[in-house]
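Spelled out from the first residue to the last, the chains are:
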Amino acid sequence: MDEKLTYYNGDRLRNSVDINGNRPEIFIVESNRTAGKTTDFAKFLINRFIKHGEKFAVLVRWQYEATNFAEAFFKSVQGLFFPEYELTQKMIEKKYCELYLNDKDCGYLIPINSAEFIKRRSHLFNDITSIFFDEIQPENNGYVPDELNKFFSIHTSIARGEHKQVRYVPVYMCSNSVSLLNPYYNALGVVTRLNSKTKFLRGDGWVLERNFNESAQQAQKASGFNRAFSAVSYSDYSSESVYLRDNEAFLTLPKGRGQYVATIRFESRKYAIWLYANENVMTCDYRVDDDYPVKISATVQDHTEQYTLIGGAGFIKERMRRYFINGNFRFKDLACKSAVLMALSYK
């Protein structure tokens, strides 16, 4: 292994406390690609089973992702740390997989879309001691329908048992830095608290680490393939980073004439969304047109007869998301930024 390269080490995250000084049950790490997050957690989970017999669950979104999962998951750590071991799998009723380390049952692979099946058979999973969920921010925004509730349901099903109504089952979640507009950050209130200097963010029962691996970035930049496609934004996920630098997120009034797009209601306050086509930007301020028919509630709590939540496929919301993802949104102040973040987040 090249000594100049550094890889992610999750020990600090796993030993962190939440905002109240208590042991969290949700641990999240977000970083740039190829930083070594998945390898670190795979090593951690396998070691815990070998040394302590602690079985684990790995979450994916869809049943088809179970194909050859064990081989792919174990490949990155086998040669480095476990050359004498083999991880295999057995599909059960086309709904989930049992995992075996050298023929000893060590855990499960559970698709989130199997949540209802897992609920009906929750007693089968009361030996799970931890859960790992990689890629919580899919690059194509391909979330399972009602994903957050299904995720909750699976954890609830697993956390039963051992003569307890609820037992402690930590969830380790990893992601590349894809989008602030994801349902997990939305549910935890992460999106309105991040700034460019955030390294660790703590909430009630959870902790988030925002890690940047410089050697991974340099290796990506040095790649001839990536140099050839340097103009393509896929390789850096950086467009939204402007929204984490608070002083740069404020509105600079575009030139020309704006077109009114929608009114957003967030925490009982109204916000105006404008499109400035000549500048290729959307803005959010307080110049609300109460007669304009498109009215969006940012959250369920803001929902009224005059406002609509508009599902993720809503044309207007998707158009606004494209401007946001491309770094082409401007805000009057931080309250406007929060309203847009909450309205556009995937629920």
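Here we summarise the structure given alongside this text. What you are looking at is a predicted structure, and each value in this text was computed from that prediction instead of being measured. Each residue is numbered by its place in its chain's sequence as written, counting from 1. A pLDDT threshold of at least 70 governs which residues receive local features in this predicted model, and a stricter bar of 80 or more applies before side-chain atom pairs are shown or counted, although totals over entire chains, interfaces and linings include all residues. Excluding hydrogens and water, the side-chain figures rest on all heavy atoms present in the structure.

## Quick notes on the overall build of the chain
Piece 1. Within the chain one finds 10 helices and 14 strands.
Piece 2. The proportion of buried residues among the 347 residues of the chain is 48%.
Piece 3. Two residues qualify as a contact provided that any one of their heavy atoms is within 4.5 Å of a heavy atom in the partner residue. Once local pairs closer than 6 in sequence are excluded, the contacts in the chain between residues at least 24 apart make up 67%. The numbering of helices and of strands both runs from the N terminus, where a helix is a DSSP run of H or I of at least 4 residues and a strand a run of E of at least 2. Residue burial is assigned from relative accessible area. The probe radius is 1.4 Å, only protein chains are included, and a residue is buried under 20% of its type maximum, exposed over 50%, and partly exposed in between.

## Concerning helix H3 (residues 69-81)
Piece 1. Its 13 residues place the ends of H3 19 Å apart at the C-alpha level, agreeing with the 18 Å of an ideal helix rising 1.5 Å per residue.
Piece 2. A residue's bend is the angle separating two fitted axes: one through the seven residues that end there, the other through the seven that start there. At lysine 75, H3 shows its maximal bend, which comes to roughly 50°.
Piece 3. Within H3 the residues assigned to the buried category are Phe69, Ala70, Phe73, Phe74 and Val77.
Piece 4. On its buried face, H3 sits against helix H2 (37-52), strand S2 (55-60), strand S3 (87-92), strand S4 (96-101), strand S5 (104-111) and strand S6 (128-133). The span expected for a helix works out to 1.5 Å for each residue beyond the first.

## Details of the side chain of threonine 198
Piece 1. Along the chain, threonine 198 turns up in the loop between helix H6 (183-188) and strand S8 (200-203).
Piece 2. The buried category is assigned to threonine 198, whose relative accessible area is 9%.

## Describing the packing of helix H9 (residues 315-325) against helix H10 (residues 334-344)
Piece 1. Angles run from 0 to 180 degrees between N-to-C directions of axes, and those axes are lines fitted to C-alpha atoms, restricted for helices to the stretch in contact. Contact pair H9 / H10: the axes reach a minimum separation of 10 Å and the direction vectors enclose 125°. Taken together, H9 and H10 sit at an angle that is classed as oblique. In this structure, the crossing between H9 and H10 has a hand that is left-handed. Residues Lys317, Met320, Arg321 and Phe324 of H9 pack against Val340, Leu341, Ala343 and Leu344 of H10. Note on terminology: angles under 35 degrees are roughly parallel, angles over 145 are roughly antiparallel, angles of 65 to 115 are roughly perpendicular, and the others are oblique. The handedness criterion is simple: a crossing whose near helix is rotated anticlockwise from the far helix by less than a right angle is left-handed, and one whose near helix is rotated clockwise is right-handed.

## Concerning the pairing of S2
Piece 1. In terms of burial, S2 is largely enclosed, as 6 of its 6 residues are buried.
Piece 2. The alternating pattern of S2 places Lys55, Ala57 and Leu59 and Phe56, Val58 and Val60 on opposite faces, both of which are buried.
Piece 3. Pairing geometry for S2 and S6, over 5 bridges, is parallel. Note on S6: the bridge partner recorded for leucine 59 is phenylalanine 133. Here, a strand pair is defined by DSSP locating no fewer than two bridges between the strands.

## A look at the nonpolar core
Piece 1. Residues belong to one nonpolar core when they are buried, are Ala, Val, Leu, Ile, Met, Phe, Trp, Tyr or Cys, and are joined through side-chain atoms within 4.5 Å. In terms of nonpolar packing, the biggest core is built from 60 residues, with Ile110, Ile264 and Phe329 touching the most fellow members.
Piece 2. Sorting elements by how many residues they give to this core places H10 first, with 7 residues.
Piece 3. Here isoleucine 264 is in contact with Arg269, Lys270, Tyr271, Ile273, Ile296, Ala298, Tyr307, Met320, Ala339, Val340 and Ala343, once residues within four sequence places are set aside.
Piece 4. Residues Val29, Phe41, Val77 and Cys106 belong to the second largest nonpolar core, which totals 30 residues.

## Let's talk about the side chain of serine 122
Piece 1. Here serine 122 shows up in the loop between helix H4 (115-120) and S6.
Piece 2. Assessed through its relative accessible area of 13%, serine 122 is described here as buried.
Piece 3. For the purposes of these results, a polar contact is taken to be a pair of N or O atoms within 3.5 Å, where, inside protein, one atom must be able to donate a hydrogen and its partner to accept one; residues adjacent in sequence count only when each atom of the pair is a side-chain atom. Among the polar contacts listed, one links the side chain of serine 122 to the side chain of arginine 160, at a separation of 3.5 Å.
Piece 4. Ignoring any residue separated from it by four or fewer positions in sequence, one finds serine 122 in contact with Ser157 and Arg160.

## A few points about the sheet that holds strand S9 (residues 206-211)
Piece 1. The sheet built from 9 strands is open, its strands ordered S3-S4-S5-S2-S6-S7-S1-S9-S8 with mixed pairing. Each of the sheet's edge strands pairs with one partner strand only, and the pair in question is S3 and S8. Ignoring which end each strand starts from, the neighbouring axes of this sheet average 20° apart.
Piece 2. Pairing of strand S1 (residues 26-31) with S9, which is carried by 6 bridges, proceeds in the parallel orientation. Note that in S9 the partner of isoleucine 26 across the bridge is tryptophan 206.
Piece 3. Here H2 sits on the sheet in contact with S1, S2, S4, S5, S6 and strand S7 (171-176), set at roughly 160° to S7.
Piece 4. Contacts from helix H5 (residues 147-158) reach S2, S5, S6 and S7 within the one sheet, and its direction differs from that of S6 by about 160°.

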